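# Structure at a glance
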Amino acid sequence: MTKDEEKGYIERVLAGDESAYEPLVTENQTKVYRLALRILENEADAEDAAQEAFLKAYTSLADFRGDSRFSVWLYRLTNNICIDMLRKNTRAVIVSLQTEDDDGEETEIAIPDERYSPERLAERAADRDAVRTALAALPDDCREILALRESAGLSYDEIAAALSLEVGTVKSRLNRARKKLCIALLKSGNFSDRFPSKQGKGCEA
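Report follows, based on the coordinates. Residue indices follow the written sequence of each chain, beginning from 1 at its first position. Totals for whole chains, interfaces and linings use every residue, but because this is a predicted model, local features are given only for residues with pLDDT of at least 70 and side-chain atom pairs only at 80 or more, for both listing and counting. Hydrogens are left out, water is left out, and the side-chain values use all remaining heavy atoms of the structure.

### Some details on the packing of aromatic side chains
Pairing of aromatic rings covers Phe, Tyr and the six-membered ring of Trp, with a centre-to-centre limit of 6.5 Å; geometry is then stacked below 30 degrees between planes, edge-to-face above 60, and tilted otherwise. Inspection of the entire model under this criterion finds four aromatic pairs. When the centroid spacing of 5.0 Å and the interplanar angle of 40° are considered together, the rings of Phe 64 and Trp 73 count as tilted. When its relative accessible area of 17% is taken as the criterion, Phe 64 is described as buried. Only protein chains enter the calculation, and the probe is 1.4 Å; a residue is then buried if its accessible area is under 20% of its type maximum, exposed if over 50%, and partly exposed in between. Note on Trp 73: relative accessible area 16%, which makes it buried. An aromatic cluster is present here, built from Phe 64, Phe 70 and Trp 73 joined pairwise through their rings. Directly above the aromatic system of Tyr 156 lies the positively charged group of Arg 149, at a separation of 4.2 Å from the ring centroid. Cation placement over rings: the criterion is NZ of Lys or CZ of Arg within 6 Å of the ring centroid and within 35° of the ring normal.

### Some words on the pattern of salt bridges
Any Lys or Arg side-chain nitrogen found within 4 Å of a carboxyl oxygen on Asp or Glu counts as a salt bridge. A complete count under the given rule lists two salt bridges for this structure. Where Glu 6 meets Arg 69, a salt bridge forms, and the shortest distance between an N and an O atom there is 3.1 Å. Here Glu 6 is found in helix α1 (residues 3–14), whereas its partner Arg 69 is found in the loop between α3 (43–59) and α4 (70–89), with 63 residues between them in sequence. A salt bridge links Arg 12 to Asp 17, with the shortest nitrogen-to-oxygen separation between them at 2.9 Å. What makes Arg 12 partly exposed here is its relative accessible area of 40%. Secondary structure is summarised from DSSP: a helix means a run of H or I of at least four residues, a strand means a run of E of at least two, and numbering begins at the N terminus for each.

Structure, rendered in structure tokens:
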């Protein structure tokens, strides 16, 4: 669906044609659910979050300015709803733990996947708890931009449109958020033994 097509459906909804909202839901429901599932890691919670996001988008449609794609605006609503749910139920959140060192080279903390042994899976569960705790301590803007980039997979341009920021600001804020998360994890002692000195440097403030 193009941006002009989205605009056409939105105009029809605002004019009183409630049925015109259905194509917008159909177009975005899978992506919204997947975003919520990646953040909340619980199918029932993800379904609730997706339903709430579409309801909130519908009731707030008059506030949509059209500066970005409707889908991008919807992702931001979904992200905010998921963050509120996490505050209430403290479920785990997973993001890509990448950061950049002073030379601009990306480094990453690797979290093991489910193909490993039960011992590694237990370690993975501990890692997820550590990430959840570290994320909970981050400012809201850091959690938001990490979710939009790492969970929703939005481009820098899309994030800039969604948050009304310059692309350069998005990049610097994202890098700062990754570093804050990395530092929090190192201070917790959960990942220090998996960091070479070069990666540790990348997490310095």
